[in-house]
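As a plain string of letters, each chain reads:
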Amino acid sequence: MTNRQRFTNACRCQPVDRPPVWIMRQAGRALPEYRALKEKYSFLELVRTPELAAEVTLQPIRRFDFDAAIIFSDILVVPEALGQSYQFLEGKGIEMKPLQSAEDIGRLDTTAVCERLDYVSKALRLVRKSLGDRTALIGFAGAPWTLACFMLEGGGADDYTKARRLFYSDRPLFERLMEKLTGAVSAYLRMQIETGVDAVQIFDSLGGTLASDAFAAASGRWITEVVASLQSRVPVIVFSKGVNGNWRDLAATGAQVLGVDWTVRLSEVRARLPQNIGVQGNLDPLVLTTTPEIVAAETRRILNDMRGLTGHVFNLGHGLPPTASLENIAAMVDTIRTFA
Ligand code: CP3
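Residues numbered from 1 in each chain as written. Predicted model: local features only at pLDDT ≥ 70, side-chain atom pairs only at ≥ 80, totals over all residues. Heavy atoms only, no water.

A.B. asks: Tell me about the nonpolar core, residues and numbers included.
C.D. replies: Within the largest apolar cluster, 127 residues are counted, with the highest numbers of intra-cluster contacts made by Phe-7, Leu-117, Leu-288 and Met-332. Here this core gets eleven residues from one element, more than from any other, and that element is helix H11 (residues 171-194). In this structure, Leu-288 is in contact with Ile-23, Leu-283, Val-295, Leu-316, Leu-320, Ala-324, Ser-325, Asn-328, Ile-329 and Met-332, ignoring residues within four places of it in sequence. (Core = buried A, V, L, I, M, F, W, Y, C linked by side-chain atoms within 4.5 Å. Buried < 20%, exposed > 50% of the residue type's maximum accessible area, 1.4 Å probe, protein only. Helix = DSSP H or I, 4+ residues; strand = E, 2+ residues; numbered from the N terminus. Contact = heavy atoms within 4.5 Å.)

Structure, rendered in structure tokens:
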């Protein structure tokens with residue numbers, strides 16, 4: 001069984017020899033070869049240059065032979081393609097001019113999103129060619145809700161209040177923004193599917209900022225529209241962090257696989273979902289900053305918990321911390337490969 005088959009089978013809850021594994025943020029600051037490229041190029045230069053984005057995508061595959069590669073990019077390329085540009089400042093993070101009025105939202109231009117993101121198609125084609133049939137390739141986009149949070153704050157924030165306030169106080173304007181984002185994300189993911197990705201992941205990293213009863217209307221509904229527009233052409237993984245009260249809403253999005261953070265037992269989430277929906281996760285990312293012995297023990301705990309169940313894609317419960325050690329990542333992967 002190739003890595004690619006193992007990954008796609010697990011996404012579809014079909015039999016595998018062992019769970020496939022990849023890591024959210026596997027391409028990036030934990031790797032010395034990524035940091036070396038950052039000496040010469042800025043983050044956005046790496047993202048926007050197809051040859052460089054392809055190279056960064058392949059770096060973790062060469063080192064760890066993960067079952068799947070995720071294209072090196074960022075969720076904020078979609079707001080940028082809509083006309084809200086951003087910068088990544090070393091040590092400071094993301095900065096963009098926040099959306100502050102109905103006029104700002106009205107100006108978002110949905111007419112040429114895919115043309116403006118053509119560099120991502122080019123990078124995907126280069127990566128697909130290098131990977132051949134050996135390794136699966138994952139495309140991605142941010143969920144409309146998570147994108148709206150960043151766009152209204154103008155970058156990262158301690159507490160994402162602006163999108164929630166708009167949701168409660170001006171529903172028609174909130175919906176106008178969400179319709180634009182849903183259309184743009186759908187078109188962008190369809191473009192990625194046309195380049196031959198094996199699956200797409202929708203990152204709703206800020207889904208957990210919502211009240212349980214608000215989740216369906218503020219986030220789930222729009223994810224559902226995106227998933228429907230993709231017409232089951234590839235499996236869709238929906239990762240919504242911190243939403244342990246909303247499994248029913250998440251199952252209703254039409255996702256084939258749900259990403260699960262580290263605060264819940266994976267087998268319990270799997271048991272609550274319809275049999276044909278898989279789970280992805282959920283090692284606490286912090287474990288990768290400890291020791292190989294602890295990593296092996298915690299990895300085995302999750303594998304034992306999921307023993308005998310189909311539909312498990314091994315991953316962390318959120319992104320790889322920049323301080324994770326390479327020997328700890330290797331210990332996690334070896335434990336999964338040799339698990340019996
Ligand atoms: O998973 C991968 O390896 C693919 C690449 C990837 C990046 N960002 C590269 C990146 C993916 C899938 C993302 C998604 C993303 N981007 C999310 C959702 C996932 C999550 O982590 O919750 C979000 C919220 C963003 C927006 C974003 N991009 C933020 C908030 C930041 C700054 C904070 C941070 O973690 O550094 C980024 C920058 C970013 N995106 C880096 C990388 C490798 C760091 C750039 C660097 O320091 O070189």
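So, next bit.
A.B. asks: Pulling in residues and values, what's your account of the packing of helix H2 (residues 32-40) against helix H4 (residues 50-64)?
C.D. replies: One way to put it is that H2 packs onto H4 with a least axis distance of 9 Å and a crossing angle of 160°. Our classification of the angle between H2 and H4 gives roughly antiparallel. Where H2 abuts H4, its residues Pro-32, Glu-33, Tyr-34 and Leu-37 lie against Leu-52, Glu-55, Val-56, Gln-59 and Arg-63. In the contact of H2 with H4, the residues fall into five nonpolar, one polar and three charged. (Axes fitted to C-alpha atoms, helices over the stretch in contact; angles between N-to-C directions. Parallel < 35°, antiparallel > 145°, perpendicular 65-115°, else oblique. Nonpolar A, V, L, I, M, F, W, Y, C, P; charged D, E, K, R; others polar.)

A.B. asks: Before we move on, can you summarise the site of the ligand with the specific residues and values?
C.D. replies: In the vicinity of the ligand there are 21 residues, among which Arg-25, Tyr-34, Lys-38, Asp-74 and Ser-205 approach most closely. A distance of 3.0 Å separates an oxygen atom of the ligand from a polar backbone atom of Ala-27. At a separation of 2.3 Å, an oxygen atom of the ligand approaches a polar side-chain atom of Lys-38. Of the residues assigned to the shell around the ligand, the class counts are 13 nonpolar, four polar and four charged. (Near = heavy atom within 4 Å. Polar contact = N/O pair within 3.5 Å; in protein donor to acceptor, adjacent residues only side chain to side chain.)

A.B. asks: Describe the pattern of salt bridges, and please don't skip the residues or the numbers.
C.D. replies: Inspection of every chain in the model, using the stated rule, returns 21 salt bridges. The partner of Glu-33 in a salt bridge is Arg-63, with the nearest N and O atoms 2.9 Å apart. With Glu-33 in helix H2 and Arg-63 in helix H4, this residue pair connects regions lying 30 residues apart in the sequence. Here Asp-109 makes a salt bridge to Arg-116, at a shortest N to O gap of 3.1 Å. On the basis of relative accessibility, which here comes to 26%, the residue Asp-109 falls in the partly exposed class. Residue classification places Arg-116 among the partly exposed residues on the basis of a relative accessible area of 38%. Look at the salt bridges and you will find they share partners, linking Arg-4, Arg-128, Asp-133 and Asp-198 into a network. (Salt bridge = Lys/Arg side-chain N within 4 Å of Asp/Glu carboxyl O.)

A.B. asks: Can you tell me about the sheet that holds strand E8 (residues 278-283), naming the residues and giving the values?
C.D. replies: One open sheet accounts for seven strands, arranged E1-E4-E5-E6-E7-E8-E9; its pairing is parallel. At either end of the open sheet lies a strand with only one pairing partner, and these are strand E1 (68-70) and strand E9 (312-316). Between one strand and the next, the sheet's axes are offset by a mean angle of 25°, whatever the strand orientation. Where strand E4 (residues 136-142) lies against strand E5 (residues 199-204), five bridges are found, and the strand directions are parallel. Counterpart to Gly-142 in the pairing with E5 is Phe-203. Across the sheet, helix H1 (residues 3-11) is in contact with E1, E4, E5, strand E6 (236-240), strand E7 (257-259) and E9; its angle to E9 comes to roughly 105°. (Pairing = 2+ DSSP bridges.)

A.B. asks: For the state of the cysteines, give the residues involved together with the corresponding values.
C.D. replies: Two cysteines whose sulfur atoms are joined by a covalent bond form what is called a disulfide. Going through the model one piece at a time under the given rule, you end up with zero disulfides. Looking at Cys-11, it has no disulfide partner, and the nearest cysteine sulfur is the one in Cys-13, 8.7 Å off. Judged by relative accessible area, Cys-13 falls into the buried class, the value being 14%. (Disulfide = S-S within 2.5 Å.)

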